[in-house]
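Okay, here's what each chain looks like letter by letter:
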Amino acid sequence: MAKVTLVVNGRTVSGECEDRMLLVHFIREKLGLTGTHVGCDTTQCGACVVHMDGRSVKSCSILAVQASGSTVTTIEGLAPQGELHPVQAAFKEHHGLQCGFCTPGMVMTAVDMINHHGGNLDEASIRAGLEGNICRCTGYHNIVKAVLAADAEMAGAGRRQAAE
Amino acid sequence: MGVEGIGARVARKEDKRFLTGKGRYTDDMVVPGMKHACFVRSPHAHAKIRGIDASAAKAMPGVIDVLDGKQLQADGIGNLICGWMIHSKDGSPMKMGAWRPLAVDTVRYVGDAVAIVVADSAVEARDAAEAVEVDYEELPAVTEVLATLEPGAPQLHPEAPGNLIFDWQLGDPEATDRAIASAAHVTEVDIVNNRLSPNAMEPRATLGIYDAAEDHYTCYTTSQNPHVARLVMSAFYNVAPENKLRVIAPDVGGGFGSKIFIYPEEIVCLWASKKTGVPVKWTSDRTEAFLTDAHGRDHVSKVKMAFDADHRIIGLKVDTIANLGAYMSLFSSCVPTYLYATLLSGQYDIPAIHANVRTVYTNTAPVDAYRGAGRPEATYLLERTMEIAARELGMSPAELRRKNFIRSFPHQTPVIMNYDAGDYEASLNAAMQAADWSGFAERRAQSEARGRKRGIGMSCYIEACGLAPSSAVGSLGAGVGLWESAEVRVNAVGTIEVFTGSHSHGQGHETTFAQVVADRLGVPIDSINIVHGDTDKVQMGMGTYGSRSGAVGMSAVVKALDKVEAKAKKIAAHLMEADESDIVVENGELKVAGTDKTLPWPQVALAAYTAHNLPSGMEPGLKESAFYDPSNFTFPAGCYIAEVEVDPETGETDIVQFVAADDFGNIINPMIVEGQVHGGLAQGIGQALLEGVHYDPETGQLLTASYMDYTMPRADDLPSFKLSHQNTPCPNNPLGVKGCGEAGAIGSPPALINAITDAIGHDRLAMPATPMKVWHALHAAH
Amino acid sequence: MYATDYHRASSVQEAVNLLSSRPVGKYLAGGMTLIATMKQRLAAPSDLVDLRHIPDLKGIAVEGRKVRIGAATPHSDVAGSAALQAVCPAICHLAGRIGDPHVRHMGTIGGSIANNDPAADYPAVVLGLGATVVTDRRSIPADDFFTGLFETALEEGEMITAVTFEAPEKAGYAKFDNPASRFAMAGVFVSRGADGVRVAVTGAGADGVFRHNGMEAALASSWSSDALANIAVDSAGMLSDLHADAEYRANLVKVMAKRAMAAAG
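Residues numbered from 1 in each chain as written. Chains lettered and ligands numbered in written order. Predicted model: local features only at pLDDT ≥ 70, side-chain atom pairs only at ≥ 80, totals over all residues. Heavy atoms only, no water.

Comments concerning the overall build of chain B
In step 1: Counting its secondary structure elements, chain B contains 20 helices and 28 strands.
In step 2: Taking 28 Å as the expected radius of gyration for a compact globule of 782 residues, we find that chain B reaches 27 Å, a close match to that expectation.
In step 3: When the 782 residues of chain B are sorted by exposure, 66% land in the buried category.
In step 4: If you take every contact in chain B between residues at least 6 apart in sequence, the share linking residues at least 24 apart comes to 79%.
In step 5: Chain B carries 66 positive and 96 negative side-chain charges, and their two centres are separated by 1 Å. (Helix = DSSP H or I, 4+ residues; strand = E, 2+ residues; numbered from the N terminus. Rg over C-alpha atoms; globule rule 2.2 N^0.38 Å. Buried < 20%, exposed > 50% of the residue type's maximum accessible area, 1.4 Å probe, protein only. Contact = heavy atoms within 4.5 Å. Lys, Arg positive; Asp, Glu negative; His and termini not counted. Charge placed at Lys NZ, Arg CZ, Asp CG, Glu CD.)

Describing the interface of chain A and chain C
In step 1: Opposite the 27 residues of chain A that make contact, chain C presents 32 residues.
In step 2: For the pair chain A and chain C, the two sides together bury roughly 2,300 Å², of which 53% comes from carbon and sulfur.
In step 3: Interface area lost by chain A to chain C is led by Arg20(A), Gln66(A) and Glu131(A), which between them contribute 29%.
In step 4: Inspection of the chain A/chain C interface yields two salt bridges. (Buried area = accessible area lost by both parts, 1.4 Å probe. Salt bridge = Lys/Arg side-chain N within 4 Å of Asp/Glu carboxyl O.)

Details of empty space enclosed by the protein
Residues and elements named next belong to chain B.
In step 1: Per the counting criterion, the structure on display carries 10 cavities of 30 Å³ or more.
In step 2: When its volume is computed, the largest cavity comes out at roughly 700 Å³.
In step 3: Forming the walls of the largest cavity are 48 residues, and the residues nearest its centre are Gln507, Ser547, Arg548, Gln676 and Gly741.
In step 4: Only helix H15 (509-521), helix H16 (549-575) and helix H18 (670-690) provide two or more residues apiece to the lining of the largest cavity.
In step 5: No other element matches H16, which puts four residues into the lining of the largest cavity.
In step 6: Taken together, the residues that form the lining of the largest cavity break down as 24 nonpolar, 19 polar and five charged. (1 Å grid on protein atoms, 1.4 Å probe; cavity = no way out; pocket = protein on both sides within 12 Å on 5 of 7 lines; lining within 4 Å. Points joined across faces, edges and corners; volume = space filled by probe spheres on them. Nonpolar A, V, L, I, M, F, W, Y, C, P; charged D, E, K, R; others polar.)

Some remarks on helix H1 (residues 12-20) of chain C
All names here are of chain C.
In step 1: Where H1 is concerned, the buried positions are Val12, Ala15, Val16, Leu18 and Leu19. The arc that holds every buried residue of H1, seen down its axis, measures 160°, which confines them to one face. For H1, exposure combined with an orientation more than 90 degrees from the buried face picks out Gln13 and Ser20.
In step 2: Contact partners of the buried residues in H1: strand E1 (5-8), strand E2 (25-28), strand E3 (47-50) and strand E10 (160-166). (Arc of directions from axis to C-beta.)

Topic: the domain arrangement of chain B
Residue and element names in this part refer to chain B.
In step 1: In terms of domain boundaries, chain B breaks down into domain 1 (31-139 + 202-253 + 259-292), domain 2 (299-467 + 632-781) and domain 3 (483-628).
In step 2: When each unit is reduced to the centre of its C-alpha atoms, the spacing between domain 1 and domain 3 is 40 Å.
In step 3: Contact with domain 1, which involves 15 residues of that partner, is made by 14 residues of domain 3.
In step 4: Per-residue buried area on domain 1 facing domain 3 is highest for Gln224, His227 and Arg246; these three make up 45% of the total on that side. (Domains from an automatic or database assignment.)

Some remarks on the interface of chain B and chain A
In step 1: Listed by partner, the interface residues are 54 residues for chain B and 44 residues for chain A.
In step 2: Of the roughly 4,200 Å² buried at the junction of chain B and chain A (both faces included), carbon and sulfur atoms supply 55%.
In step 3: Its largest share of buried area at the contact with chain A, chain B owes to Leu19(B), Met201(B) and Arg714(B), together 18% of the area lost on that side.
In step 4: A salt bridge links Arg20(A) to Asp127(B), with the shortest nitrogen-to-oxygen separation between them at 2.7 Å.
In step 5: Taken together, the connections running from chain B to chain A amount to 31 residue pairs in polar contact (both at pLDDT 80 or more).
In step 6: Elements with a minimum of two residues in the side of chain B that touches chain A: helix H1 (15-19), helix H4 (122-131), helix H9 (286-292) and H18 of chain B.
In step 7: The element that contributes the greatest number of residues to the side of chain B that touches chain A is H18(B), accounting for eight residues.
In step 8: When its residues are assigned to classes, the side of chain B that touches chain A shows 23 nonpolar, 17 polar and 14 charged. (Polar contact = N/O pair within 3.5 Å; in protein donor to acceptor, adjacent residues only side chain to side chain.)

So this is what it looks like as structure tokens:
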């Protein structure tokens, strides 16, 4: 058994688990944060994407104990309670989700993409950046639109901030 | 159209919970005392079970119990059934082999469930499942349709000699043969429709809870139709009577058909919960999903299409063999028959059609409805044949289609369907214009200059959806009626709850159904809640599949709204001392036409519940229910055009543009309809270019059991799509809607293959057109 | 996943000591292959020794033309390194196309080459640059390192600490993905440097990554795509599966070699 301590969505949390427990199961079962999903078993679908120490990772392919000591953001921690992050808002505005199952991973991926490559994303770079996330509902058309819109919105907000 | 009414692009009410991680899917459910299940599954495609020794597994850490098929059978749990009776052309009923929820003496495909392990945690259950020793005697296996019909092929079920389930026909064989004999030209094509795995991103899951004190069961499950699940589990599987069984399908992460059916796991987990005294949850992993979710398609066909000298189609003959896998799944029999052969007239006026369909058993996962279900198979067959015919006849593909379009409605086809409305040329013209068809030659020349091969292809599809008039499907063998139910409950404060038997698993019912109510009553959609997916809340329902939620489910809501509105008007007339016929509903108020007398909804609702001053003899309350049984199918149709560039060095296909022109009748929410088309297109393009289930023909092992080998369409495989809508409203339902959920998957595969074969210059190419296959096809051409 | 015991090392020596005292231990770097394999129950190490927290294993150092990449450096760091981009952009391009963004944030160069998956990208660059694999106990030339499918010259308990190489004058990489897994179905790395021309092929060979002598000879006499025109790539010895049979793979090797040359300039 391992003791795992993480900062999740700004809060320090600890729990005991088997060494073989995956981070995604720790998040879902020990922390009750069920927004992070499991859609495959070969590290491909991206439904489990969270941010660990500021970068997107697949929480299904990391042991919880491996992550111990790191800072994790899940879909539940992206925006204050009741509010939507600009990427979440863009997904709603542009109908970038249907069944919602891949959505948390998609949103966390898009946020990472914009955080690190924002301001000059285009359709091709967004599609390439979504390589690790599979959606079966939307055909990606509206996801791409949503990420483009969020990128423009966030870059605009950045420029506005810089100007102030 | 109001900002929230019919036709408005309303952002979805349900999105916030999904976007913030607050969706509640079956695997998210946790109840006190809950334990976890793992199924012991056959590693063999075909084997006898000599014995099962679970003693070592039972002794492992965390294990509560291991239960097998003999125990299940002893407790009287019934076999899984196919709910649609098909008779062979000799009059004999289909030959349904026994499908036990847990195999007792024989396993018939890799993944067939043999036992269930219940343990404290999912990993402990899996550890123990590996320790269950099943003594198998391996038998030879067969996976392909032609092989399974061979004399001497391994036999799957004693009930079905020769592995033949039925040999069925539709249409007029003699008239069709005469047409072919007299034809000026006959196009003959062999068509294979590749086998697919639906791959909803949420794997199937179920949580069975038995309450011994009440002798009551609750089943959380990933279902598109919880009421059908309850009905079938009660009536056929003897799990529990309906009043003792509650089925809840909470948020469901996509279905595409695969979550219509009742699978062994729901039944076994409910039974296991009673046996072990603990709630039992099972969640599939992706490999289990590939092994055990019902697959789709898998047809092999021979086609003859006969033309007269003027290039009019005079006859169509189709001989199809459909693979139903190891067992007959719930609706497996109707997919390659009444959902397939009935669409073989396509958009064309064909005087004589004959379809012969044989269905067969193989040592593969059961095959059942997957997005489109029968109609993609019909469309692919027909639209590939039309394209090849146009090439043989030296005609443009558009002109051959135009010449043969049905132009007056209603139109009775020779294969049951009566098309009610349509304008096929309008969609064809819109698609060709959007695709700049006339500029293709120039674009092709530019591609050639860059060393690329460019091709363009079209597909004119029709589908039948909105299943379906109950009496009609009843006469064709359906075991259930296919109406839908709704209840509109106006609360005392004027807010509204709508209870529908349709189920939303991505389609956006919580928004579109609310739009219908908002449009009718003029109340804001935020005051309307759509309730679905729980047999304890919703009176009854047939669920969501076959693009039926709009045409059938919403129509039921409209019928209930009719009753609510009528009663509200009576109350308002009484309160305002006006004539009932003078009351109009506008902007959330009931008004006396031509006066300034008005009552807001909440006041009318309150009056209905206080009942202090109601018209004489009127019951208190404002809550009405309705059942709607459609009078016909609806017939969405459209034209899709794909343009591709093939890299001759690698065989890679790049979709340069994809145009979809669809006629869905009236549209409730264009944004959501477009989303449905996008998703359907992605699955159709997936079928055409990427996806295919492969079994090893010798061993019956599934070769595509994960995303390492089964190619799911990813964002960089697809283009953005160009969409347009034409509109001939459906005359047979109150909203004039047709159905849009499956069109994309139905219409797109032939457009792609027509485009690629145009690029490579010959027609010897089967789906999926992977880079390797296209490269080989290019080489074969030289 | 079967039960396993996790250990976190903070130095190379600690990691080596930890592993040597365990029955069937494995080093855990990014885990992008190892954890996935364990989840499938295809690997069952009794112990895992995590290398991600060893400072010495991280980082990219470029001094003149000499490059050292710490074994635990994730792919995304290699892809985004300005220093590397200046001397060997081909390795940045290659690293930026491994797996997907999330995998690149975790997966490491050391983990990749230690695993020597026949469809992995990094073996192609290590072999194609004639790099040196530095371990806790020795330096192994790339030509001696890759010994077969999933097999390397690493001894029991030996740990890769870095990959070093001399930046080439010219280098390029092109690959064709498996449509499903997105691993390389054929990936070709070409380079021209002080020690001559090298052509390394991954994804295609039944024995894993290999050098293509015919192409090397052709490019040594004339460094141009055209020099490859008459090279025959033999389909014997190629992998064959659902997505690419041997004949198609052989074709892809040649096409990717030409494209790698075009990228190399």
